[in-house]
Amino acid sequence: MKISLFTETYISSINGVVTHVRALKSGLEALGHEVLVVCALPEAKQYYVKDGVLCCPSVSFKKIYNYGVATPISPIRYKYIKEFNPDIIHIHTEFGVGYSGAMAAKSLGVPLVYTMHTMYDDYLYYIASRRLINIAKKTAHAYAKILAEKATCLTGPSKKVEEFFKSCGVYKHVHIIPNPVEVEAFNPNCISGSKKTDIRKKFGVLDDDLLLCFCGRLGREKSVDVILKYWSEVINKNDHCKLLILGDGPSITELKHYAKTLGIDKQVIFSGKIPHEELPPYYASCDLYITASLSDTNSISMLEAMATGLPVLHIYDKLNAGQVVDGINGFIYKNAHEMKAIIDKYKAFSEEDKLTLKKNSRNSVLKFDGVNLANNLLNVYVEALNIYSKKPKSRLKTKN
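What counts, and at which threshold
Residues numbered from 1 in each chain as written. Predicted model: local features only at pLDDT ≥ 70, side-chain atom pairs only at ≥ 80, totals over all residues. Heavy atoms only, no water. Helix = DSSP H or I, 4+ residues; strand = E, 2+ residues; numbered from the N terminus. Rg over C-alpha atoms; globule rule 2.2 N^0.38 Å. Buried < 20%, exposed > 50% of the residue type's maximum accessible area, 1.4 Å probe, protein only. Contact = heavy atoms within 4.5 Å. Areas by Shrake-Rupley, 256 points an atom, 1.4 Å probe, with all protein chains shown as cover. Lys, Arg positive; Asp, Glu negative; His and termini not counted. Charge placed at Lys NZ, Arg CZ, Asp CG, Glu CD. Axes fitted to C-alpha atoms, helices over the stretch in contact; angles between N-to-C directions. Parallel < 35°, antiparallel > 145°, perpendicular 65-115°, else oblique. Nonpolar A, V, L, I, M, F, W, Y, C, P; charged D, E, K, R; others polar. Salt bridge = Lys/Arg side-chain N within 4 Å of Asp/Glu carboxyl O. Pairing = 2+ DSSP bridges. Arc of directions from axis to C-beta. pLDDT = per-residue confidence, 0-100.

### Considering the overall build of the protein chain
- Each helix and strand counted, the protein chain has 13 helices and 16 strands in total.
- Its C-alpha radius of gyration of 22 Å places the protein chain within 12% of the 21 Å reference for a compact globule of 400 residues.
- Along the first, second and third principal axes, the C-alpha atoms of the protein chain reach 70 × 50 × 40 Å.
- In the protein chain, which comprises 400 residues, the proportion classed as buried is 55%.
- Across the protein chain, the fraction of contacts at a sequence separation of at least 24, relative to all contacts at a separation of at least 6, is 71%.
- Carbon and sulfur atoms form 53% of the exposed surface of the protein chain, whose accessible area is close to 18,200 Å².
- Within the protein chain, one finds 52 positive and 40 negative side-chain charges whose respective centroids are separated by 7 Å.

Quick look at the structure:
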């Protein structure tokens, strides 16, 4: 099968969509399928294909993590896609490149699969002032509805996507397919003890300190401020706990200032940007992963931490239920006092109990590799092809 994957962000970016598309491409190719990724690339001066990726010139959108924004209409892009002659078009983002994928699917007469990765209601503050949020929200919902109605099949990493589509007035079935994780890249058995020791020393973390971490793009939607607030309410310096914030983003200066204002800046460490391939030993040097984000659908950073053997402290999130099973591969908390109780409980565990929890955490994500992701989506592709083939012939375009 020939599959074309459309995404605004891919080369030179680090985020969940990139990791997902990269794993999907690798998994599909391992199963013998041919893949063309179509992406926006601000550095590109002209269209070109390299290693199965069609790079499209675009403008960098600094407000949203320097994403490339490309025009949805491009005869040159369409020419490359038509020459590839895909059986399926699968869009992963909603902007210029994503919308061009929807138009290409219609023009070429092939099914369109649409995966929503991002809950855009939580990101509108990047592009709209507070007084315009409601208008921006209505516009975003109307636009998502247009794309969803064009799609033959919809997918998403959690039930949140299904609920979001319902809020947009879309009641199609949504295939829930978890995000992938590079399980071997984050295998704790392949990470040297000296690297872990060096990282803890680098940040001034003592041997008897319990080190919790969060990893991600530091924007308001990640709710790192909630973790800091809870931490200041219940954790003191005598608890021998440290918090490591891995990553960078538009809110990092604000968060550093907030930590200082709360009086916990000696307990909170901001690492700054860490290259993705260097993350495994950072996770492995920690004891627990913590998140208070309600915007994530199925956080890849969290899955990577779990693959490294970190149990997760996850704030209660009904629509992400089941990703962290309380007491098995992590713990669920609702407030600062529950967070503190879990930390104290974990500290009191025997080494054997901690090891069991770490093994459970890693084992719970072993099935989420690229090949499994590809197999899950191939089932969706086959369904899309079957649905599309049953449409009235007058509505079908003929592939050239």
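There's plenty left to go through after this.
### A look at the packing of helix 7 (residues 224-234) against helix 8 (residues 252-261)
- Two elements in contact, helix 7 and helix 8, have axes whose closest approach is 10 Å; the angle formed by their N-to-C orientations is 10°. Taken together, the axis directions place helix 7 and helix 8 in an arrangement best described as roughly parallel. Packed against helix 7, whose contacting residues are Val224, Asp225, Leu228 and Lys229, the element helix 8 presents Leu255, Tyr258 and Ala259 at the interface.
- Taken together, the residues of the contact of helix 7 with helix 8 break down into five nonpolar, no polar and two charged.

### Focus on the pattern of salt bridges
- For the coordinates displayed, the defined rule picks out 14 salt bridges.
- The salt bridge involving Glu184 is made with Arg362; its shortest N-O contact spans 3.5 Å. Of this pair, Glu184 sits in the loop between strand 10 (174-176) and helix 6 (193-202) while Arg362 is found in helix 12 (residues 351-363), placing the two residues 178 residues apart along the sequence.
- In this structure, a network of salt bridges that share partners links the residues Asp239, Lys340 and Asp344.

### Here's the deal with the side chain of Thr19
- Within the fold, Thr19 resides in helix 1 (residues 16-30).
- Sequence-distant contacts of Thr19, defined by excluding residues within four places in its chain, comprise Pro180, His276, Ile300 and Glu304.

### Structural notes on the sheet that holds strand 13 (residues 268-272)
- Across the sheet, which stays open at both edges, the six strands sit in the order 13-12-11-14-15-16 with parallel pairing between neighbours. Edge positions in the open sheet fall to strand 13 and strand 16 (330-333), since each of these has one partner strand only. Each neighbouring strand pair of the sheet contributes to a mean axis angle of 25°, computed without reference to strand direction.

### Here we look at the sheet that holds strand 10
- Read across the sheet, eight strands follow the order 3-4-2-1-7-8-9-10 without closing on themselves; strand pairing throughout is mixed. The open sheet has two edge strands with one neighbour each: strand 3 (48-50) and strand 10. Ignoring strand direction, the axes of neighbouring strands in this sheet form an average angle of 25°.
- Relative to strand 4 (residues 53-57), strand 3 runs antiparallel, the two sharing three bridges. Bridge pairing in strand 4 links Lys50 to Val53.
- Contacts between helix 1 and the sheet are confined to strand 1 (2-7), strand 2 (34-41), strand 4 and strand 7 (88-91), with strand 1 contributing the most and set at about 170° to the helix.
- Contacting strand 1, strand 2, strand 3, strand 4 and strand 7, helix 2 (residues 75-84) runs over the sheet at an angle of about 170° to strand 2.

### Looking at helix 2
- Listed as buried for helix 2 are Arg77, Ile81 and Phe84. The buried residues of helix 2 occupy an angular sector of 55° when the element is viewed end-on, so they sit on one face. Opposite the buried face of helix 2, by more than 90 degrees, sit the exposed residues Pro75 and Glu83.
- Remark: Asn85 follows helix 2 within two positions and exhibits a positive phi of approximately 60°.

### Focus on the side chain of His276
- Positionally, His276 belongs in the loop between strand 13 and helix 9 (279-284).
- Residue His276 is classed as buried on the basis of its relative accessible area of 12%.
- Beyond its immediate sequence surroundings of up to four residues, His276 is in contact with Ile14, Thr19, Arg22, Glu182, Phe186 and Glu304.

### Focus: the confidence of the model for the protein chain
- In this model, the protein chain carries a mean pLDDT of 91, and residues with pLDDT of at least 70 account for 92%.
- Here residues 394-400 is modelled with pLDDT under 50, and outside its nearest four sequence neighbours on either side it reaches 15 contacts, counting other chains as well.

### Observations concerning the packing of helix 7 against helix 11 (residues 336-348)
- The contact between helix 7 and helix 11 brings their axes to 9 Å, and the two run at 70°. When the interaxial angle is binned, helix 7 and helix 11 end up roughly perpendicular. Every residue of helix 11 that contacts helix 7 at Tyr230, Trp231, Glu233 and Val234 is listed here: Ala336, His337, Met339 and Lys340.
- A per-class count over the contact of helix 7 with helix 11 returns five nonpolar, one polar and two charged.

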